[in-house]
Amino acid sequence: MEIKITKTTTPKVKPTENLGFGKTFTDHMFVAEYTRDKGWHDAKIIPFGNLSMHPAATVFHYGAEIFEGMKAYRRADGKVQLFRPLENVKRMNNSAERLRLPIMPEEDMLEAIKTFVEVEKDWVPSNEGESLYIRPFLFGNDETLGVHSINRSTFVIIASPSGSYYPEGINPVKIMIEKDDVRAVRGGTGFAKCGGNYAAANRAGENAEKKGFTQVLWLDGVERKYIEEVGAMNVMFKINGEIITPALTGSILPGITRKSCIEVLRKEGYTVTERLLSVDELTEAMENGTLEEAWGCGTAAVVSPIGELFYDDKKYTINNMEIGEVTQKLYNILTGIQWGKVEDTFGWTVEI
Ligand SMILES: *Cc1c(COP(=O)(O)O)cnc(C)c1O
């Protein structure tokens, strides 16, 4: 893929503190167009700016949008690296297939991401826990209100320097198990990273926040019986020494952090089981004291310990609202590999 690069003539001042998340953006963006007759074309890196779009564009009306979330990390030696970027590329194409958006060949998407990060290298921050968050996204862009297959799409990559997820140290969170709304159903789009899943989650999320919880824990969309995931993270439990995480049944997002946690844990000698876990089994484990640890996992936080679960008007405290041993170990190993402080024996990192 040929990528035409036009550098900005007015570079911005890079923020150095209070980076937060997704608030400021780098100097450039990647844009590529797709049409059914021409295929992918016009790939370019241009100065960051607004997109000009037709008001009838498919994405505005019928929600054809997918995205990815990944980070570039600065190592102590100053070099920049990505973490398992090919996994994001593969997942983006799986999401595209579900929504009938165009697939981009893996090597082209990987090249687009790497070239873009290379251009924006100086934007990768270097303080403890900071990273450059990379957001590729793809949407249907037909200029018609007719409901039909998508003929025209736009692929964009933007990036945002982000602060440490835990500026004040790792803090266990309070989570509400959602009994009414569901996020996704099998056969639907739960396994695709698409904006529509987030839109469907808004009401429950807002409701939980109002009640003082950080996130909701989703149950399956049919029986509302099985644990699925928590907010925009996958979830893991340590019950009686065994680590259990919901199996990928189609309504759960297949997280790269989830996959990496499983691989690290197995290598460390833990038993990890991917299976259906009912909310009844979970509450029973909380009542009889066999639930030892619970945590969410995703690119943003890496791992996020769960200190309290609320279900059916009952509050359950987990591990004394403290971070558990396995959760801490996972955090140390994964962040160690990502920031290049621990040897990457898995071959997960890709230097830019
Ligand atoms: C992105 C995402 C995750 C986490 O995936 P990672 O690849 O680990 O970042 C989990 N659940 C949902 C709904 C997501 O969108």
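Not measured: the values here are computed from a predicted model. (Residues numbered from 1 in each chain as written. Predicted model: local features only at pLDDT ≥ 70, side-chain atom pairs only at ≥ 80, totals over all residues. Heavy atoms only, no water.)

S.K.: Would you explain the overall build of the protein in this entry?
M.R.: Broken down by element type, the protein carries 7 helices and 18 strands. Whereas a compact globule of 352 residues would reach a radius of gyration of roughly 20 Å, the protein reaches 21 Å, a difference of no more than 12%. Split into buried and exposed, the 352 residues of the protein put 53% on the buried side. Residue pairs at least 24 apart in sequence account for 70% of intrachain contacts in the protein once pairs closer than 6 positions are excluded. Only carbon and sulfur atoms are counted for the fraction: they give 47% of the accessible area of the protein, which is about 16200 Å². The protein carries 41 positive and 50 negative side-chain charges, and their two centres are separated by 2 Å. (Helix = DSSP H or I, 4+ residues; strand = E, 2+ residues; numbered from the N terminus. Rg over C-alpha atoms; globule rule 2.2 N^0.38 Å. Buried < 20%, exposed > 50% of the residue type's maximum accessible area, 1.4 Å probe, protein only. Contact = heavy atoms within 4.5 Å. Areas by Shrake-Rupley, 256 points an atom, 1.4 Å probe, with all protein chains shown as cover. Lys, Arg positive; Asp, Glu negative; His and termini not counted. Charge placed at Lys NZ, Arg CZ, Asp CG, Glu CD.)

S.K.: What's the story with the site of the ligand in this structure? I'm lost.
M.R.: The local shell around the ligand holds 14 residues, among which Lys193, Tyr198, Glu229, Thr257 and Thr299 are the closest. A distance of 2.7 Å is found between an oxygen atom of the ligand and a side-chain nitrogen or oxygen belonging to Lys193. A distance of 2.6 Å is found between an oxygen atom of the ligand and a side-chain nitrogen or oxygen belonging to Thr299. Coverage of the ligand by the protein amounts to 96% of the 380 Å² it exposes when considered alone. (Near = heavy atom within 4 Å. Polar contact = N/O pair within 3.5 Å; in protein donor to acceptor, adjacent residues only side chain to side chain.)

S.K.: Explain helix α4 (residues 195-210) to me, please; I cannot follow it from the model alone.
M.R.: Turn by turn, an α-helix covers 3.6 residues, leaving residues three or four places apart pointing in a common direction. With 16 residues, α4 ought to run about 22 Å at 1.5 Å a step, and its terminal C-alpha atoms sit 23 Å apart, in line with that. Within α4, the axis deviates most sharply at Asn202, by approximately 45°. Among the residues of α4, those classed as buried are Asn197, Ala201, Ala204 and Ala208. Turning to α4, the residues buried within the fold contact β9 (173-177) and β10 (215-219). Among the residues trailing α4, Gly212 stands out with phi positive, at a value near 95°. (Expected span 1.5 Å × (residues − 1). Bend = angle between axes of the 7 residues up to and from the residue.)

S.K.: Hey, could you run me through unusual backbone geometry in this one?
M.R.: Negative phi characterises most residues that are not glycine, and trans characterises most peptide bonds. Positive phi is not limited to glycine here, since Val302 has a value of about 70°. Within the secondary structure, Val302 sits in strand β16 (residues 302-311). Not every positive phi belongs to a glycine, and Met321 is a case in point at roughly 60°. On the secondary structure map, Met321 appears in the loop between β17 (314-317) and α7 (325-338). The class of Met321 is partly exposed, set by a relative accessible area of 30%.

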